[in-house]
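Below, each chain spelled out in residue letters.
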Amino acid sequence: MDYDGINYFWLMKTHLRYLTGYPQETLAQVQAALESGRLKSAIVKKYPLGHHVKSDKALHDYVMEIKRDYMKRSAPISKIKFDKKMDIHGALGIHYTKPRIQGNKIKSKVEIRIADIFKEAPEAFLRMVVVHELAHLNEKDHDKAFYRLCQNMEPDYHQLEFDFRVYMAADEYEKSFQ
């Protein structure tokens, strides 16, 4: 199966799997930048490593601050935590609603879990994934309304998402030579 002239199965087995959906020209530029060996350092220069959000409590406070600023009327969140078991290749964050019966009513508990990798990633990338999961409180699908909400909370959302994907590709590329 080809994907914009690139074999899809090859793409999914390489570090470029984080960039599926992007045009072939973009993939070629990223590959060339990876081979130059300076891509990850350029991203880290743009988005410095290190932030204070290392514990579940700090993550809870961080998420709730963004929620208070942009989504005061959205559903309450019962649990927010980092998830060590989250498969980075499948998801960066998860938001889900657990139904529970309380008397004769069905109530919902909303949880947000963020991949453990964001403890060490630049803070801008943590904010990007938090914004993404918060947007799911109001918009379930990845449609125009969802991305408008993401951009309302983080104007550089699309650039941050792309840069994070490049960061992950560069990190994996570097690790393949260690």
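Residues numbered from 1 in each chain as written. Predicted model: local features only at pLDDT ≥ 70, side-chain atom pairs only at ≥ 80, totals over all residues. Heavy atoms only, no water.

Caption draft 1: Quick peek at helix α4 (residues 56-70). Between its terminal C-alpha atoms α4 stretches 21 Å, which fits the 21 Å expected from 15 residues at 1.5 Å a residue. Buried within α4 we find A58, L59, Y62, V63, M64, I66 and K67. For α4, the elements touching its buried residues are β3 (79-83), β5 (105-115), α5 (123-138) and α6 (144-153). (Helix = DSSP H or I, 4+ residues; strand = E, 2+ residues; numbered from the N terminus. Expected span 1.5 Å × (residues − 1). Buried < 20%, exposed > 50% of the residue type's maximum accessible area, 1.4 Å probe, protein only. Contact = heavy atoms within 4.5 Å.)

Caption draft 2: Up close: the nonpolar core. Among the nonpolar cores identified, the biggest contains 50 residues, and L59, I77, I114, F118, L126, V130 and L134 are the most heavily contacted of them. Broken down by secondary-structure element, the contributors of at least two residues to this core are α2 (24-36), α3 (39-46), α4, β3, β5, α5, α6 and α7 (157-175). Examining the composition of this core, we find that 10 residues originate from one element, α5, more than from any other. In this view, V130 contacts L59, Y62, V63, I66 and I114; residues no more than four positions away in its chain are not counted. (Core = buried A, V, L, I, M, F, W, Y, C linked by side-chain atoms within 4.5 Å.)

Caption draft 3: Inspection of the confidence of the model for the protein chain at higher detail. Averaged over every residue, the pLDDT of the protein chain is 85; residues scoring 70 or more account for 85%. Per-residue pLDDT, averaged within each element of the protein chain, yields its smallest value for helix α1 (residues 8-13) (45) and its largest for α6 (97). pLDDT under 50 marks residues 5-12. Its contacts with residues more than four places away, or in other chains, come to 20 contacts. (pLDDT = per-residue confidence, 0-100.)

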